[in-house]
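# A structural walkthrough
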Amino acid sequence: MNNPRSASPSVSLATSDLLDKQRQSSHGEFTRLEKRMGGRRMTFHSKSMPRGSMFLDKEASRNSHDKRFDLFRTMSGKLERQISNLRGKPIERSLHEEEITESLTADRFFDALHLQGPELETLKEKEEIVLPDDKTWPFLLRFPITSYGMCLGVSSHAIMWKTLATTDAEKFLHVTQVVNHVLWWISLVLLIAVSITYLFKTIFFFEAVRREFMHPIRVNFFFAPLISVLFLALGIPHSITSSLPSILWYFLMAPVLFLEMKIYGQWMSGGQRRLSKVANPTNHLSIVGNFVGALLGASMGLKEGPMFFFSIGLAYYMVLFVTLYQRLPTNETLPKELHPVFFLFVAAPAVASMAWTKISASFDLGSRLAYFASLFLCFSLVVRINFFRGFKFSLAWWAYTFPMTAVATATIKYSGEVTGVATQILSVLLSGAATLTVIGVLVMTVVHAFVKCDLFPNDVAIAISAEQPKQKKWFKQLKVLDPEDNQIDVEAPPLLNA
Amino acid sequence: MNNPRSASPSVSLATSDLLDKQRQSSHGEFTRLEKRMGGRRMTFHSKSMPRGSMFLDKEASRNSHDKRFDLFRTMSGKLERQISNLRGKPIERSLHEEEITESLTADRFFDALHLQGPELETLKEKEEIVLPDDKTWPFLLRFPITSYGMCLGVSSHAIMWKTLATTDAEKFLHVTQVVNHVLWWISLVLLIAVSITYLFKTIFFFEAVRREFMHPIRVNFFFAPLISVLFLALGIPHSITSSLPSILWYFLMAPVLFLEMKIYGQWMSGGQRRLSKVANPTNHLSIVGNFVGALLGASMGLKEGPMFFFSIGLAYYMVLFVTLYQRLPTNETLPKELHPVFFLFVAAPAVASMAWTKISASFDLGSRLAYFASLFLCFSLVVRINFFRGFKFSLAWWAYTFPMTAVATATIKYSGEVTGVATQILSVLLSGAATLTVIGVLVMTVVHAFVKCDLFPNDVAIAISAEQPKQKKWFKQLKVLDPEDNQIDVEAPPLLNA
Amino acid sequence: MNNPRSASPSVSLATSDLLDKQRQSSHGEFTRLEKRMGGRRMTFHSKSMPRGSMFLDKEASRNSHDKRFDLFRTMSGKLERQISNLRGKPIERSLHEEEITESLTADRFFDALHLQGPELETLKEKEEIVLPDDKTWPFLLRFPITSYGMCLGVSSHAIMWKTLATTDAEKFLHVTQVVNHVLWWISLVLLIAVSITYLFKTIFFFEAVRREFMHPIRVNFFFAPLISVLFLALGIPHSITSSLPSILWYFLMAPVLFLEMKIYGQWMSGGQRRLSKVANPTNHLSIVGNFVGALLGASMGLKEGPMFFFSIGLAYYMVLFVTLYQRLPTNETLPKELHPVFFLFVAAPAVASMAWTKISASFDLGSRLAYFASLFLCFSLVVRINFFRGFKFSLAWWAYTFPMTAVATATIKYSGEVTGVATQILSVLLSGAATLTVIGVLVMTVVHAFVKCDLFPNDVAIAISAEQPKQKKWFKQLKVLDPEDNQIDVEAPPLLNA
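What counts as what
- Here, residues in each chain are numbered from 1, in the same order as that chain's written sequence.
- A letter from A marks each chain and a number from 1 marks each ligand, given out in the order of writing.
- Thresholds applied to this predicted model are a pLDDT of at least 70 for local features of residues and 80 or more for the giving and counting of side-chain atom pairs; totals over whole chains, interfaces and linings are not thresholded and use all residues.
- Computation of side-chain values: all heavy atoms of the structure, hydrogens and water removed.
- Only runs of H or I of at least four residues qualify as helices and only runs of E of at least two qualify as strands under DSSP, and these elements are numbered from the N terminus.
- A 1.4 Å probe rolled over the protein chains alone gives each residue an accessible area, and that area as a share of the maximum for its type sets the label: buried under 20%, exposed over 50%, partly exposed in between.
- In this description, contact between two residues means that some pair of their heavy atoms is separated by no more than 4.5 Å.
- Residue burial considers only the protein chains on display, and all accessible areas are found by Shrake-Rupley using a 1.4 Å probe.
- Here's the idea: put two parts together, see how much 1.4 Å probe accessible area each one loses, and the total over both is what we call buried area.
- By definition, a salt bridge exists where a carboxyl oxygen of Asp or Glu is found within 4 Å of a side-chain nitrogen of Lys or Arg.
- Each polar contact in these results corresponds to two N or O atoms within 3.5 Å; when the atoms are within protein, one needs to be able to donate a hydrogen and the other to accept it, and residues that are neighboring in sequence are counted only if both atoms are side-chain atoms.
- Only residues with pLDDT of at least 70 in both copies contribute their C-alpha atoms to the least-squares superposition of the copies.
- Pairing of aromatic side chains here covers Phe, Tyr and the six-membered ring of Trp, requires ring centres within 6.5 Å, and sorts the geometry by plane angle: under 30 degrees stacked, over 60 edge-to-face, intermediate tilted.
- To estimate how far a helix should reach, multiply one less than its number of residues by 1.5 Å.
- Only the stretch in contact is used when fitting a helix axis, every axis being a line fitted to C-alpha atoms; angles between N-to-C directions are given from 0 to 180 degrees.
- Angle categories are assigned with fixed cut-offs, so that under 35 degrees is roughly parallel, over 145 is roughly antiparallel, 65 to 115 is roughly perpendicular, and the rest are oblique.
- The sense of a crossing depends on the near helix, which, turned anticlockwise from the far helix by less than a right angle, makes the crossing left-handed and, turned clockwise, makes it right-handed.
- Following the grouping adopted for this structure description, the nonpolar residues are Ala, Val, Leu, Ile, Met, Phe, Trp, Tyr, Cys and Pro, the charged ones are Asp, Glu, Lys and Arg, and the polar ones are all others, Gly among them.
- Patches draw on residues past 30% relative accessible area with no salt bridge. Two like charges within 9 Å are joined, as are two nonpolar side chains (Val, Leu, Ile, Met, Phe, Trp, Tyr) within 5 Å.
- Scored from 0 to 100, pLDDT records how confident the predictor is in each individual residue.

### So, the overall build of chain A
Counting its regular elements, chain A contains 22 helices and 4 strands. Taken over 498 residues, chain A has a buried fraction of 58%. In chain A, of all internal contacts separated by at least 6 residues, the share reaching a separation of at least 24 is 78%. Accessible surface computed for chain A: about 21,000 Å², of which carbon and sulfur atoms make up 62%.

Below you can see the structure in the form of structure tokens.
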């Protein structure tokens, strides 16, 4: 009984009890269950894992013979199928696999009602998943694209400290460039580490990456690695180089442009990915890249390219801002755990303000327009403190750091333009808040990663089955009509020797 | 039988006849009815009131012992309850009171479908109210926040005449500054009078004020007193002072900022107050304050503060303009009586144009952009004359005055920039139209206040009960099933001695 | 049995067979059918027409005595009715006619769900039409307002070649002004030809024109003749005149202004024509006129007027851009055949860029903002090639030409500002693409007009009946309950001697 949802309550209670005991007593053991359900033979592997083995279980998992993980594997699935074909019993597995890789349409994913929790990763009660829910999956399968949120937070923070150190109005703080230096190297290492890990995921579990790309929230985080690199280029310490070659900018912005064409095109061309359906604050990530790119390009002395991206950013930011503020009835009320992403509202105008300042070569009324909008959004979110309390930590919390840092950096730039005690105080306050936010979230992340070992829970969002879950009403009626329904579940062998 | 809706038709007809007779014959008399309805004991007081006593009945009402009005009272309710507690029979009343003050959720209010008429103040047929419908309520309970619409109209008009008198291009009209002077004093007195009255309402009937603040239309009028003060500061005659201290501006704008954070935050954070649900033209009042504040601040010589509010105004005006123009399916078609508020469309860009002129220190392309948009909106509303005919007068008509005045003032400023016969003619035409509108609405108001005495009808919008009204279908079915339903109503004592 | 939908299946199959035979064998013959249906006497004329007679059948049709066409005729209907009145049997016809001309409410039309295909001109299966579906209608009835799309395409192309010939940066192409000259005369002749034809339609079939004006897609094409004239004024060869009198501009813009007040007013005032219901890419035609007018006015040296229209254009473009990008759930997914109109997205910002350049007298950041937005939209549409394949040719394809030409012209202007090889290559590429598009669509149009003779199919979109089609469920139930239903149809005389 791996999936308690499909079991009759009494049995599932019993089995989950057993499972708990099993988890506590028999670390490292493998339990094989075989069950017939609805005529389809499924092989479930229940592997309980010692706490702390999270980062070490990669090899172990890949050595295990849970065929379901193969469904997400790039090579092994095909290899094994070919081997099975040679052996002569290929039918059932390949059927199942095809179902996983082929028939999961985008519609099924964007049917976002079936996803809840931070980044829509908790499943609705009646949703079935294709991977085992009761054991820890291979690390790569649990490593989401949202991990790049950490890179965004730290690398933008490096820029803030660079700005603090180089702005005349903040000279009284005597900030050393060393902070920028240290943060920059940390963010570089972090970006490389995350990228290598995700590269491995792409190589070994391409299906999982494909599913993340089709996910209405996750797809926006595919901009995160690109933006992180832009941030690294912006925050590069003066001691390393003070001018990057402009050809670099074109190389960095090309993938941003292509990804935007893909995403914005989906918004317009209707269907299940139409904007009125998928709009959510993480869409800001798909906008903010334009402004960051414009800022970097203008900082490098380019003229037309940055303005090109600024135009795109402005046009689509307008669309997104209005759409998100309307809270269309087709957009579900976001689950409480997703509230941190609301802070992304602040990021786009803050970066836009800095970009426009570089493009127009002065902190003019246009820059102020964007900056003040960002400031007001920041205030109006901060005062709604209840909105940001009472839910457990997840990687989504990194969404607090990057916007806070962005508005703080914009404020420092503003204080460089409009000198005075008030702007200096505001700069210090916001920089302090941003730093505290980064430190706080960083500590939480470390605690959850290495102490609690629950930073990367099973990523159920990417494991939904392609089939629509049964309707409840229909289900109940059936239950009444079909008294044998219980018998089938009871027939499944209880965890006698677990 | 106070509430004819719950009565059987024959009985209600009889009682309403009696009520009419009672109204004509027994002025000042009190009628006490007691009725058992569904097991809940309710005490109804039917007090008929002489025509013309509207402004004088305050004391009389407060002396009356209609307990239901106490539900809206700030102090007396608690006091009386404490006294009742001492006397020993507190249960039923306090239960009822708690139901009124506690369980009326915002959702219930924003379920705007249950409200119709000017400012959503007419109830749907099946809606029940907690205050007696057949008698005139205490004046304070009938005095809505929308009364500040008068202040907006007159005080903005004072600014228009000040502009007319001081613009060189309009010198040929020989307008004296006396008109501005007179209007300014009138608007000052009016604002003080309305404010004192509303202050009394806040003190004595806080529950009623609380309910107005939760009302999707009314809440926007809470900006009206703030904007009126800003108008007074803008329209202050040169003979009194030509420069106000800039500290005043910060004091005036602080409450605007806080109120905006509250309202805009509600729009975004979803739930029943999400923008796609509550959007209506009166929302412009929550935007226009930003532009008026920016205009005042820039007139005082401030730089950053006005730009801050201009930014906020522009960002949210964009959201509101698009949302209102879309006429989302979730927004109900406005009732005909609410059509005057459509003129608020004109106000925001007109004021924004003037504010931008002050901020950028020239009537530049940005100012023209806003001004021409305002002018076009004005034209396109004026030509839809059928849209603004065929409904009876109410305080909502004051919504005509302030936008007309705003666009006229902006036109005068424009004619000062682009001199010529065409712009002068346009200025005179629009100023004339604005003046006629103000005079017309003023006369209507005076007539309805002092002659017809129906300016302040019972404010049923704030008296809806916290419970959802029964579904009609269910009701009908019940009626068939439960033949005793009629008997209950008949049992209620007819108005024998009314 | 002209309308097979109302017939019982067996009979309709038989009759349609007969109809096919009839089409092949008896060209030019008239068949008169009389049928009693539901007590209402209808006279159907089945006239089969030889291929190729499309442009010649005008007189023939008008000589025919198909009374139903009279319903759309301006004079003859009334005349005939008066004659009938004199003769003494006026009742039935006038009743039917009144039903056609009076009771067809706008709601019925905007119930767009009942229309499919290019420009919503294919009817849903169960929709009934008031004109004979099986024969070719009089040419004027089949000549839609969308024919002006050709004028837009060719006249804008004349401007592009004028710009190519006069821009210094494109001197290396050695483009002669002759191309502009030739194209301008072609577009003038085309505009006159289309206008005269449509004028005849207005005179002879006013009801058909009225119905086009009430159609949610078609109404936007009423801007097309106005914009075409503006294009002619913009593209006028230097050899004819280099400066037009500015009074001309006012004459040209007045009807644009009035039409806009009408259309935008409908968007706002709710009901069936609210924007959230009717929004579709052809709405861009109602916006783009503002920018074209602003461009022409500013080119003539006017200041305020062009800025007025630019403001209107910008305000409503913002509303439209956001609305169209949201793809609200109330907007149906557009049928594949209507996809070319998506290219209209590109046109407005391209023209706005040129207009702003003229107004601000420099290709400044504002111009770049609009131009780059247009360029990105163009790219993002071009890459979605699958979106624009697999549907048959119709006049809607002209929607490709005008936006492509607009973005090409804007690019040429841009290359004049930002000189360089990259911009020159882009100019040549886009101009080439625009030219190829125009030539391609032109050839297709000529082929379909003169070879295939199906350029102007029966315009069923304007011939829907005022009544809602019967509900299917109800229909089926009725069929079961009323066994005589078939008999009525069978009673109708089969096409024995057709």
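### Regarding the interface of chain B and chain A
Of the residues lining the interface, 34 residues belong to chain B; the matching set on chain A comes to 29 residues. The largest contributions to the chain B side of the interface with chain A come from Met261(B), Met268(B) and Glu304(B), which together make up 28% of the buried area. One can count 1 salt bridge joining chain B with chain A. Salt-bridge contacts for Arg368(A) lead to Glu304(B); the nearest nitrogen and oxygen are separated by 2.8 Å. On the surface where chain B and chain A come into contact, there are 6 residue pairs in polar contact (both at pLDDT 80 or more).

### Focus on the interface of chain C and chain A
Across the boundary between the two partners, chain C contributes 28 residues, which contact 33 residues of chain A. Here chain C and chain A share an interface that buries about 2,700 Å² over both sides, 73% of which is from carbon and sulfur atoms. A per-residue breakdown of the area chain C buries against chain A is headed by Tyr325(C), Gln326(C) and Phe376(C), which together make up 28% of the total. Counting the contacts that link chain C with chain A gives 1 salt bridge.

### Remarks on the relation of the copies chain C and chain A
Mapping chain C onto chain A is achieved by rotating through 120 degrees and translating by 0.0 Å along the same axis, at an RMSD of 0.0 Å. Both copies are brought into coincidence by an operation consistent with a three-fold rotation axis. In terms of C-alpha distance to the rotation axis, chain C has Val322(C) as its closest residue, with the C-alpha 4.4 Å off the axis. A distinct binding surface is used by each copy, with only 14% of the interface residues of chain C retained as interface residues in chain A.

### As for the pattern of salt bridges
Tallied over the entire structure, the rule returns 18 salt bridges over all chains. Lys171(C) serves as the salt-bridge partner of Asp168(C), at 3.7 Å between the closest nitrogen and oxygen. If you follow the salt bridges from partner to partner, you end up with Lys201(A), Glu212(A) and Arg218(A) in one network.

### A word on the relation of the copies chain B and chain A
The transform that puts chain B on chain A rotates by 120 degrees and translates by 0.0 Å along the axis, for an RMSD of 0.0 Å. A different interface surface on each copy is seen, since only 12% of the contact residues of chain B are contact residues in chain A too.

### Quick word on the packing of aromatic side chains
Aromatic rings in a pair are described by how distant their centres are and how their planes are angled relative to each other. Overall, the coordinates contain 110 aromatic pairs over all chains when judged by the stated rule. Arranged with centres 5.9 Å apart and planes meeting at 70 degrees, the rings of Phe376(B) and Tyr264(C) form a pair that is edge-to-face. Pair noted here: Phe376(B) is in helix H18 (residues 365–382) and Tyr264(C) is in helix H13 (residues 246–268), and the two residues belong to different chains. You'll find Phe376(B) and Tyr264(C) in the same group, each marked buried. Site record: aromatic cluster; members linked through ring pairs are Phe291(A), Phe310(A), Tyr317(A), Phe321(A), Tyr325(A), Phe342(A), Phe345(A), Trp356(A), Phe376(A), Tyr264(B), Trp267(B) and Tyr316(B).

### Considerations on helix H15 (residues 284–299) of chain B
Helix length check: H15(B), at 16 residues, gives a terminal C-alpha distance of 22 Å against a target of 22 Å (1.5 Å per residue), a fit within 8%. Summarising burial for H15(B): 15 of the 16 residues are buried, a large majority.

### Considerations on the packing of helix H19 (residues 401–417) of chain B against helix H20 (residues 421–451) of chain B
Residue and element names in this part refer to chain B. Packing of H19 against H20 leaves a shortest axis separation of 8 Å and a crossing angle of 160 degrees. The pairing of H19 with H20 is recorded here as roughly antiparallel in orientation. In this structure, H19 crosses over H20, and the sense of that crossing is left-handed. Between H19, through Thr401, Met404, Thr405, Val407, Ala408, Thr411, Ile412, Tyr414 and Ser415, and H20, the contact on the second element is made entirely by Thr423, Gln424, Leu426, Ser427, Leu430, Ser431, Ala433, Ala434, Thr437, Val438 and Val441. Residue composition of the contact of H19 with H20, by class: 11 nonpolar, 9 polar and no charged.

### Brief notes about the side chain of Arg368(A)
Secondary-structure assignment places Arg368(A) in helix H18 (residues 365–382). Since its relative accessible area comes to 11%, Arg368(A) is described here as buried. If we skip the residues at most four places from it in the chain, Arg368(A) touches Phe363(A), Tyr414(A), Glu417(A), Val418(A), Glu304(B), Met307(B) and Ser311(B).

### Considerations on the side chain of Asn283(C)
All names here are of chain C. Examined against the element boundaries, asparagine 283 turns out to sit in the loop between helix H14 (275–278) and helix H15 (284–299). On the accessibility criterion, asparagine 283 (1% relative accessible area) is buried. A polar side-chain atom of asparagine 283 sits 2.8 Å from the main-chain amide nitrogen of asparagine 280. If we skip the residues at most four places from it in the chain, asparagine 283 touches Asn220, Trp267, Val278 and Leu320.

### Focus: the packing of helix H13 (residues 246–268) of chain B against helix H16 (residues 304–326) of chain B
Residues and elements named next belong to chain B. Taken N-terminus to C-terminus, the directions of H13 and H16 make an angle of 25 degrees; their axes are 12 Å apart at the nearest point. By the angle class used here, H13 and H16 are roughly parallel. As for the relative orientation of H13 and H16, their crossing is left-handed in sense. Taking contact as the criterion, the partners of Trp249, Met253, Leu257, Glu260, Tyr264 and Trp267 in H13 are, on H16, Gly305, Pro306, Phe308, Phe309, Ile312, Tyr316 and Leu320. Its residues assigned to classes, the contact of H13 with H16 shows 11 nonpolar, 1 polar and 1 charged.

### A few points about unusual backbone geometry
Of note, the phi angle at Ala361(A) is positive, near 60 degrees, even though the residue is not glycine. Residue position: Ala361(A) is located in the loop between helix H17 (344–359) and H18. The exposed category is assigned to Ala361(A), whose relative accessible area is 68%. The phi angle at His174(C) is positive, at roughly 55 degrees, despite the residue not being glycine.

### A word on the environment of Ala350(C)
Residue and element names in this part refer to chain C. One can find alanine 350 in helix H17 (residues 344–359). Using a relative accessible area of 0% as the deciding quantity, one classes alanine 350 as buried. Put simply, alanine 350 and serine 431 are 81 residues apart on the chain and 14 Å apart in space, counted from C-alpha to C-alpha. Discounting chain neighbours no more than four positions away, the residues touching alanine 350 are Ser374, Ala406, Val407 and Ala410.

### Some details on a nonpolar patch on the surface
Where nonpolar side chains cluster on the molecular surface, the patch consists of Ile439(A), Leu442(A), Val443(A), Val446(A), Val447(A), Phe450(A) and Val451(A) and spans about 630 Å² of accessible area. Counting through the fold element by element, Leu442(A) comes out in helix H20 (residues 421–451).

### Things to note about the confidence of the model for chain A
Residues and elements named next belong to chain A. The predicted model of chain A averages 73 in pLDDT, with 63% of residues at 70 or higher. Overall, residues 1–64 carries pLDDT values under 50, and its contacts beyond four positions in sequence, including any with other chains, amount to 108 contacts. With pLDDT under 50 throughout, residues 89–107 is counted as low confidence; its partners more than four residues away or in other chains account for 32 contacts.

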